[in-house]
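Residues per chain, in single letters:
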Amino acid sequence: MDGNGRWAQRRGVPRAVGHREGVQALKRTVEAAPQFGIRCLTVYGFSTENWNRPLDEVSDLMGLVRAYVRSDLERMVRENVRLRVIGQREGVPDDILELIDDAEARTAGNDRFLLQVAFNYGARADITEAMRRLHADMKAGVIDEITDAAISQRLSTCEAPPLDLIIRTSGEVRLSNFLLWEAAYAELVFQEVLWPDYGPEALSAALEAFRCRQRRFGARPGPMRAAG
Ligand code: IPE
Ligand code: MG
C-alpha cells in the first residue's frame, strides 16, 4: 500500500489525510477481494523500518490502526473474515496489542477470507525468528531435519495459502522486505496508481495482468509431464 504521502502532496494536504484516505482504500479493497475469488489478502501496513519516520507520522499511523480495527471488526465478524496481524509485537503500543488480540480471538473461527495485516513486519525478521524456532525445536527433538516445509510452518504466514500475486502501488518497483520467502514463485504486479486511489477497479486490473502470466514454477512451458 504505497503512495499515501505523494497522493497528499499532489493535493496540497497533510500526509495524515493521505493515510486516512489509504484506510478507505483498504476497506474498499478488502470488501472487493472475496468477490474476485480471492481467499487471502496480506497488506503491508507498517514495516519495521517505518519507525524511522517523524514521530507525528508514526503516531498518525498508529492511530489509524486503532481506528481501522475498531471500525471494521464487527464487519469482519459478520462477514466471516478472519483477521491475523503478522509482525513483531515488540515496540507496538500495549493498547494496540490488546485490540489485535481481541480482534484475532473474535475472528479466529472465520473461514471465508483471511486478512493478514503486516504490522511492524519485516520479512527478514520473520525468517530470522522462524530460524530461531527451528533451532529450538531441533534442540528439543521436535524435528530432526531442516526442510522447506519446516521453515514455512514457522513463519508468521503459516496459516495462509501459497502466495500467488504481489501487488505494489505507486510505481515503486521493489519488495521492500515484504514476504521474501513466500514470494519465491509469486507473480509481481506493479501499478502506477497511488494507494489512496486503490479499489475494485485497480484490483481487477492487477488480476487481469496476473491472468495473462504463464506460471511455470521453474518447469518448461508445454504439456504437464505425468506425475511420478
Ligand atoms: C504508504 O504510503 C503508507 C505506509 C507506509 C504506511 P507512504 O507514506 O509510503 O507514501 P509515499 O511513498 O511517501 O508517497
Ligand atoms: Mg512510500
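Right above here is the structure, for reference.
As a starting point, this report considers the structure included with it. (Residues numbered from 1 in each chain as written. Chains lettered and ligands numbered in written order. Predicted model: local features only at pLDDT ≥ 70, side-chain atom pairs only at ≥ 80, totals over all residues. Heavy atoms only, no water.)

## What to know about the pairing of strand 3 (residues 113-121)
Going by this rule: Each residue gets one of three labels from its accessible area relative to the maximum for its type: buried under 20%, exposed over 50%, partly exposed in between, using a 1.4 Å probe on protein chains only. Under the DSSP-based scheme used, a helix requires at least four consecutive residues in state H or I and a strand at least two consecutive residues in state E, with every element numbered from the N terminus. For two strands to pair, DSSP has to find at least two bridges joining them.
Within strand 3, nine of the nine residues are buried, leaving the element largely enclosed by the surrounding structure. In this structure, strand 2 (residues 81-86) lies alongside strand 3, joined through six bridges in parallel fashion. By the bridge assignment for strand 3, V85 is matched with V117.

## Re the layout of surface pockets
For clarity, the threshold we go by: With a 1 Å grid laid over protein atoms only, a set of points is called a cavity when a 1.4 Å probe fits there but cannot get out and a pocket when it is open yet has protein on both sides within 12 Å along at least five of seven lines; lining residues have an atom within 4 Å of a point. Grid points are joined across faces, edges and corners, and a volume is the space filled by probe spheres set on the points. In this classification, Asp, Glu, Lys and Arg are treated as charged, Ala, Val, Leu, Ile, Met, Phe, Trp, Tyr, Cys and Pro as nonpolar, and every other residue, Gly included, as polar.
Within this model, the second largest pocket holds a volume of roughly 360 Å³. At the level of secondary structure, the elements contributing two or more residues to the lining of the second largest pocket comprise strand 2, strand 3 and helix 5 (123-139). The dominant element in the lining of the second largest pocket, judged by the number of residues it contributes, is helix 5, at six residues. Here the residues of the lining of the second largest pocket sort into six nonpolar, six polar and eight charged.

## Points about the packing of helix 2 (residues 15-32) against helix 3 (residues 55-78)
We apply this condition: Interaxial angle, 0 to 180 degrees, is taken between N-to-C directions of lines fitted to C-alpha atoms, where a helix line uses only the stretch in contact. By definition in this entry, angles of less than 35 degrees are roughly parallel, angles greater than 145 are roughly antiparallel, angles of 65 to 115 are roughly perpendicular, and the rest are oblique. Crossings are assigned a handedness: left-handed for a near helix turned anticlockwise from the far helix by less than a right angle, right-handed for a clockwise turn. By definition in these notes, contact holds between two residues if any of their heavy atoms fall within 4.5 Å.
In the contact formed by helix 2 and helix 3, the axes pass within 10 Å of each other and the chain directions differ by 30°. Between helix 2 and helix 3, the interaxial angle falls into the category roughly parallel. Once helix 2 is placed against helix 3, the crossing between them reads as right-handed. Contact residues: helix 2 offers R15, A16, H19, R20, V23, L26, K27, V30 and E31, while helix 3 offers E57, D60, L61, L64, Y68, S71, D72 and R75. The class makeup of the residues in the contact of helix 2 with helix 3 is seven nonpolar, two polar and eight charged.

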